[in-house]
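Structural description and commentary
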Amino acid sequence: MQAQQMETGLDQKVEKIIAAYREKPGALIPVLHEIQNELGHLPMWVQQRVSNAMNIPLSEVNSIISFYALFSEKPKGKYVIGVCKGTACYVRGADKIVEQLQELLGIEAGDTTPDGMFTIEVVRCLGACGLGPVITVNDTVYTRMKPDKTKKVITDLIEKTGKGG
Amino acid sequence: MEFYRNHVLVCGGGGCQSSGCHIIRDRLIDSIKKRGLESEIKVVVTGCMGPCSLGPMMIVYPEGIFYCGLKPENVDIIVEKHLYEGVPVKEYFYRDPYSDEPAAAIHEIPFFTRQMKIALRNVGLIDPLSIEEYIAFDGYFAFAKALTQHKPEDIIRLVKESGLRGRGGAGFPTGLKWEFTAKVQGRPKYVVCNADEGDPGAFMDRSIIEGDPHSLIEGMALCGYAIGANQGYVYIRAEYPMAVEHLQKAIEQARKYGLLGSDIFSSGFAFDLEIRVGAGAFVCGEETALLASLEGRRGEPRPKPPYPAQEGLWNQPTVINNVETYANLPSIILKGPKWFRSIGTERSPGTKVFALAGQAVNTGLVEVPMGTPLGDIIFDIGGGIIGKKNFKAAQTGGPSGGCIPAGGLNVPVDYESLREWGTIMGSGGLIVMDENTCMVDLAKFFLDFCQDESCGKCIPCRM
Ligand SMILES: Cc1cc2nc3c(=O)[nH]c(=O)nc-3n(C[C@H](O)[C@H](O)[C@H](O)COP(=O)(O)O)c2cc1C
Ligand code: FES
């Protein structure tokens, strides 16, 4: 594990992020945000590093990560599919979209496929409520989802991953 | 300065971005170039114009001709016929949902004419990334006036007299909050903006920050001057990356123009802003939880008092207001409390921004005078229910709110009247439901939401 981190230079990246916030008060959350953007998740060795460098007990770092829904200790899939289950999307049938995604990918919401390709996340309101139901695939927003449209988005992605993309 | 014969405004709001407005803009610019009109016609990408369900859309000024539901190939025809030959293209006009008649200009469309914009005054009208455009529409005039002609106490008095109430949900009088904080001894003081916008079905604050970030900056700077604070924080939820980006750019521009930083307008007053991004916890919208999160802790609320005015961020006196509250302030200082009080109702002056969502025909962003009947918002502005179905209920106030059935369509939308109907104004989410919505199922949905998002701090959640 240790050797792998050195190799990929992740270590230095983490150090650099922490250093950039050294002077700012209340920087733990922004630091965790940036590290997660870089690594995709926040494994234990990172938490340890943050705890040491910022002089915050490891238990506190960990409690922050578990409190905020956006922080994850587990790696996420290459494609993170966010399904909005906010009120506006809900009254336009978001729960059916969740069910369909679970069926198509064979996983429950919150989980990642064994091949590490897809994660389904239920989110609360993406702020595109006028056009619900809304889903996102990484940074792309898809609106007015219907079962056939969902199916197409997913099969297109599967096809893309199959081709090594 | 260049003079353009026409300005074409393309909506670049969150909804239209997902409807592909970038393709429309590129095609438009391309098509204008091909016709050799680029020195006569200016294309501006704006924030949310309002009727998200009609996107992608654009408005051609000076006539105010409104085109909606655009496909890329439609754009070439509009450039050829309208911008070159001067004949507007009827096919892409908005059609009235009741009569199916085409309406050419925005001043003929009830969605626009029934609104009144203060907080959204520039949203959908200017390029949010241009401080010059904001200034051209009287931007930073209120701030300049405050720093050069008014004492901090005067600003607090004006805000108090205006009767402005917090737009984040509770409706607390803003001027009073500022006065408390100004009177508390102890420095530094802080100005915080609540842009966590946690209520599902709400996107007003997002649209203000994305579409007119400078009005938030100006409102916060006015607050800083009034209470004697030199540093502000904007806490934005992580789900809004474009809002973060636009605000960051706006802050940098304001610094470059000397509108943030030290010795602003040679007055000796210094003020600066920093953005903090949330991490996905509904309860962080509550002010004490938000402050805890800003300090880098778990976002858990604590009992009040002490109020943030007394012990806020890092235990220092702090004003925390909602985005829309701040966005109202420049106009109040510029036009005066009397003007503001002439809009809305006696106890709820001014306007309120709503995010109209659910089964309405025209879903999107609207701003109306307080006291506007609920039915007017849903049927005149919202164009009624999709598929001409029957209206069942409207949900306001987010998870802590309630539903108003058909019998309440005449209720004037203001803080007090909504309370009488067992719901609250909340932050402005307005979700319309048709006859097919199951209310029992919806109640279950809200219970699930509250259970998921509970932090377990307050007694009701623990029982
Ligand atoms: C559970 C809970 C969630 C809240 N969420 C928000 C929110 O998302 N945005 C907001 O502006 N205020 C929210 N509030 C209200 C804030 O606590 C606070 O009243 C508000 O930021 C004050 O600003 P204002 O006076 O300008 O409205 C919430 C309150 C509670 C109890
Ligand atoms: S409720 Fe789904 S985007 Fe707002």
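Structural notes, computed from the coordinates. (Residues numbered from 1 in each chain as written. Chains lettered and ligands numbered in written order. Predicted model: local features only at pLDDT ≥ 70, side-chain atom pairs only at ≥ 80, totals over all residues. Heavy atoms only, no water.)

**Side note on the sheet that holds strand 4 (residues 65-67) of chain B**
All names here are of chain B. An order of 2-1-3-4 is seen for the four strands of this open sheet, with the pairing classed as mixed. Whereas interior strands pair on both sides, the edge strands pair on one side only; in this sheet they are strand 2 (41-46) and strand 4. Along the sheet, successive strands turn relative to each other by an average axial angle of 20 degrees, direction set aside. Relative to strand 3 (residues 58-61), strand 1 (residues 6-11) runs antiparallel, the two being bridged by four bridges. Of the residues in strand 3, the one forming a bridge with Val8 is Val60. Helix 2 (residues 21-34) contacts strand 1, strand 2 and strand 3 of the sheet and is inclined by roughly 170 degrees relative to strand 2. (Pairing = 2+ DSSP bridges. Helix = DSSP H or I, 4+ residues; strand = E, 2+ residues; numbered from the N terminus. Axes fitted to C-alpha atoms, helices over the stretch in contact; angles between N-to-C directions. Contact = heavy atoms within 4.5 Å.)

**Focus on the interface of chain B and chain A**
Counting residues at the interface gives 53 residues for chain B and 33 residues for chain A. The contact between chain B and chain A buries some 3200 Å² in all, and 59% of this surface belongs to carbon and sulfur atoms. Its largest share of buried area at the contact with chain A, chain B owes to Ala279, Arg298 and Phe445 of chain B, together 19% of the area lost on that side. Inspection of the region where chain B meets chain A yields one salt bridge. One can count 18 residue pairs in polar contact (both at pLDDT 80 or more) joining chain B with chain A. (Buried area = accessible area lost by both parts, 1.4 Å probe. Salt bridge = Lys/Arg side-chain N within 4 Å of Asp/Glu carboxyl O. Polar contact = N/O pair within 3.5 Å; in protein donor to acceptor, adjacent residues only side chain to side chain.)

**A closer look at the packing of helix 6 (residues 141-149) of chain B against helix 13 (residues 323-335) of chain B**
All names here are of chain B. At a minimum axis separation of 8 Å, helix 6 and helix 13 run at an interaxial angle of 55 degrees. It follows that helix 6 is oblique to helix 13 by the angle criterion. The handedness of the crossing between helix 6 and helix 13 comes out as left-handed. Of the residues in helix 13, those touching helix 6 at Phe141, Ala142 and Lys145 are Pro330, Ile333 and Leu334. Of the residues that constitute the contact of helix 6 with helix 13, the class distribution is five nonpolar, no polar and one charged. (Parallel < 35°, antiparallel > 145°, perpendicular 65-115°, else oblique. Left-handed = near helix turned anticlockwise from the far one by under 90°. Nonpolar A, V, L, I, M, F, W, Y, C, P; charged D, E, K, R; others polar.)

**What to know about the packing of helix 3 (residues 28-39) of chain A against helix 4 (residues 44-54) of chain A**
Residues and elements named next belong to chain A. It is the contact of helix 3 with helix 4, at a shortest axis distance of 12 Å, that shows an interaxial angle of 145 degrees. Note on packing geometry: the crossing formed by helix 3 with helix 4 is right-handed. Contacts between helix 3 and helix 4 involve Leu28, Val31, Leu32, Ile35 and Leu39 from the first element and Trp45, Val46, Val50 and Met54 from the second. Residue composition of the contact of helix 3 with helix 4, grouped by class: nine nonpolar, no polar and no charged.

**What to know about the pattern of salt bridges**
Side chains that differ in charge, positive against negative, can pair when their charged atoms come close. Residue and element names in this part refer to chain B. All told, the structure shown has 32 salt bridges over all chains when counted by the stated rule. The salt bridge involving Arg27 is made with Asp76; its shortest N-O contact spans 2.9 Å. Highlighted residues: Arg27 in helix 2 and Asp76 in helix 3 (residues 72-84), separated in sequence by 49 residues. A salt bridge links Glu416 to Arg347, with the shortest nitrogen-to-oxygen separation between them at 3.6 Å. In this pair, Glu416 sits in helix 16 (residues 415-420) while Arg347 sits in the loop between helix 14 (337-341) and strand 12 (351-358), placing the two residues 69 residues apart along the sequence.

Everything listed here is a matter of geometry and, on its own, says nothing about what the molecule does.
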